[in-house]
Amino acid sequence: MTINQVIAQARNYLSENDIALIKSAYNFAAQAHRGQKRITGEPYLEHPLQTAFILAQMGLDAKTIAAGLLHDVPEDTKYKLADIKKIFGEDIAFLVDSVTKLSNLEYHGQIRYREGLKKMFLAMAKDIRVIFIKFADRLHNLRTLEYLPDIKRQSIANETLDIYVPIADLLGIWHLKWQMEDLCFKYLHPAEYQELSQKYQIDKKLELNQYIKRMTKELGQALDKLNIPHEINGRFKHLYSIWQKMQDKNRKFNEIYDVFALRVIVPDIDSCYRTLGVIHNLWRPNMSRFKDYIALPKPNGYQSLHTTVFGPEGKATEFQIRTPEIHERAQYGMAAYWSYKKYGSKRPAPHVGWIQEILNAQKNSPDTKTFIQQLRLDIFNDRLFVLSPKGDVYELPTGSTPIDFAYAVHTDIGNKAKGVLINNKIGQLDELLHNNDIVEIIIDKQQTAPDPAWLKFVKTTKAKNSIRQYLKPSPVNRLLSLANPQHWWPQHPSQKPSAKKNKDH
Ligand code: MN
């Protein structure tokens with residue numbers, strides 16, 4: 001990797017001033033790391049250059065790329081953070097310092113794990129670019145992991161799967177997530193990785209060329225007839241996800257449904273649904289596998305129409321249908337919102353408010369253990385979508401009850417909840433909600449306080465905190481809760497307003 005390659009990538013979207021900043025960061029890093037070698041035998045500079053290149057691929061701003069070039073300077077050279085601050089200013093120094101602090105955290109056991117996760121979140125709340133640099137740094141380290149001793153290798157791979165991958169998933173950065181997963185898989189389960197990747201190669205040669213080509217052609221012709229411009233790519237799912245499914249369901253490679261997958265990119269949402277119709281018209285769909293993530297995005301903002309059809313010879317084949325914008329977001333997730341390439345200086349307001357809200361909501365957790373447990377519950381667990389009778393979509397953690405829903409809609413509705421209709425039938429306030437349930441809370445206007453017994457079954461932090469406030473004798477807390485009806489889990493920035501309207505916002 002050379003600085004010219006990084007610059008060529010960045011020049012697509014950055015100004016000459018920005019390029020000058022990147023060059024001067026490079027010159028400083030080159031001088032600082034002069035003579036140093038990586039364990040691979042390459043000059044040390046290769047690592048910051050690779051890190052910077054990944055950041056430029058993500059379309060991030062010049063300061064982030066500069067910080068990527070400088071990220072190992074204070075740790076590994078005679079130069080100090082103060083030197084970076086003097087030359088490059090507060091912002092870049094902050095980014096470098098935060099990345100260094102995260103790096104100092106070695107992964108040893110559960111306690112460090114929790115601390116690591118918490119630190120990542122704290123850094124993210126301050127400036128999400130820290131995490132992007134850390135991801136780029138980690139990705140390149142994983143690519144060169146084979147040069148490290150076995151035990152170190154495993155510890156880095158485990159830490160990546162435990163901490164980095166869930167956060168990449170949470171932020172929707174699929175592009176980094178699958179690369180990290182496949183690299184970890186390779187080091188943690190070398191034999192299985194080898195076996196799968198060989199099968200993959202053989203199948204790719206034999207099948208992709210014939211079977212996938214045939215389906216691509218048929219679909220292409222049908223779309224041409226309707227004048228829908230399209231791009232169709234045949235692809236295999238990445239190895240780690242195939243392996244995970246084989247573990248989960250105890251199935252063999254060729255039984256995994258979506259090994260064959262085709263991605264169809266069409267200009268707009270309307271064309272997505274029309275394309276879906278075309279596909280279902282050509283091949284018989286397996287409706288149990290149909291997912292409309294455009295109308296109901298995944299919690300991390302992921303969108304696409306997914307359908308699995310029985311193709312020629314009855315082979316199950318998955319289609320993912322999306323627009324170019326959706327595709328970009330599916331690759332880069334939250335990072336796409338930070339893309340300088342896309343938004344330039346008119347970048348939309350930073351979407352990190354929700355991370356801050358998570359931290360605020362967790363502030364009172366007495367220890368890190370509780371913090372992480374709650375965090376996992378609120379974020380990392382599967383979430384479900386339920387609807388109000390008017391069709392507004394609410395996102396809740398799995399295991400949520402009608403009371404959780406009531407508080408998600410409005411604190412006041414939670415406090416006055418008396419009964420519930422689930423899919424138009426009378427339900428219980430403590431029963432588990434399911435995906436796509438239509439939930440209507442029946443309120444009692446005379447009821448002034450929630451039932452403390454609800455605490456035994458509610459799942460969300462929002463519901464718990466709201467109910468607890470009535471247990472405390474503090475009138476201030478009560479006033480606060482009345483004054484702030486906003487539910488703390490905010491609308492995900494990538495969800496179209498039409499998909500999720502919170503009328504109390
Ligand atoms: Mn590094």
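To start, this report covers the structure provided alongside it. (Residues numbered from 1 in each chain as written. Predicted model: local features only at pLDDT ≥ 70, side-chain atom pairs only at ≥ 80, totals over all residues. Heavy atoms only, no water.)

## Thoughts on the overall build of the chain
Okay, step 1: In terms of regular secondary structure, the chain is built from 23 helices and eleven strands.
Okay, step 2: By residue count, 54% of the 505 residues in the chain fall in the buried class.
Okay, step 3: Intrachain contacts of the chain at a sequence separation of at least 6 include 68% that bridge at least 24 residues.
Okay, step 4: Accessible area for the chain stands at about 23600 Å²; split by element, carbon and sulfur atoms hold 51% of it. (Helix = DSSP H or I, 4+ residues; strand = E, 2+ residues; numbered from the N terminus. Buried < 20%, exposed > 50% of the residue type's maximum accessible area, 1.4 Å probe, protein only. Contact = heavy atoms within 4.5 Å. Areas by Shrake-Rupley, 256 points an atom, 1.4 Å probe, with all protein chains shown as cover.)

## Structural notes on helix H10 (residues 150–170)
Okay, step 1: Here H10 spans 29 Å end to end across 21 residues, near enough to the 30 Å set by a 1.5 Å rise per residue.
Okay, step 2: At Thr160, H10 is bent by approximately 40 degrees, the largest bend along its length.
Okay, step 3: Regarding H10, the residues found buried are Ile156, Ala157, Glu159, Thr160, Leu161, Ile163, Tyr164, Val165, Pro166, Ile167, Ala168 and Leu170.
Okay, step 4: Positive backbone phi, at 75 degrees, marks Gly172, one or two positions downstream of H10. (Expected span 1.5 Å × (residues − 1). Bend = angle between axes of the 7 residues up to and from the residue.)

## Focus on the environment of Ser304
Okay, step 1: For Ser304, the location among the structural elements is in the loop between strand E4 (291–292) and strand E5 (305–310).
Okay, step 2: Overall, Ser304 belongs to the buried group, its relative accessible area being 0%.
Okay, step 3: Between the C-alpha atoms of Ser304 and Tyr293, which are eleven residues apart in sequence, the distance is 5.1 Å.
Okay, step 4: Setting aside residues no more than four positions away along its own chain, Ser304 makes contact with Lys291, Asp292, Tyr293, Ile294, Ile321, Arg322 and Ile326.

## Side note on the coordination of the manganese ion
The expected angle between donors at a tetrahedral four-coordinate metal is 109.5 degrees. At an octahedral six-coordinate metal it is 90 or 180 degrees.
Okay, step 1: On the protein side, the manganese ion has His47 (NE2), His71 (NE2), Asp72 (OD) and Asp137 (OD) as donor atoms, found 2.2 to 2.4 Å from it.
Okay, step 2: Along the chain, the residues that donate to the manganese ion are spaced as H-x23-H-D-x64-D. In this pair, His47 sits in helix H3 (residues 46–57) while His71 sits in the loop between helix H4 (62–70) and helix H5 (73–76), placing the two residues 24 residues apart along the sequence.
Okay, step 3: Its relative accessible area of 1% is what places His71 among the buried residues. (Donors = N, O, S within 2.8 Å, 3.2 Å for Na, K, Ca; no water.)

## Description of unusual backbone geometry
Okay, step 1: Although it is not a glycine, Asn227 sits at a positive phi angle of roughly 55 degrees.
Okay, step 2: Mapped onto the elements of the fold, Asn227 is located in the loop between helix H12 (190–225) and strand E1 (231–235).
Okay, step 3: Look at Asn423: it is not a glycine, yet its phi comes out positive at around 50 degrees.
Okay, step 4: Mapping Asn423 onto the fold places it in the loop between strand E9 (417–422) and strand E10 (425–427).
Okay, step 5: A relative accessible area of 38% places Asn423 in the partly exposed class.

Coordinates in, geometry out; function isn't part of it.
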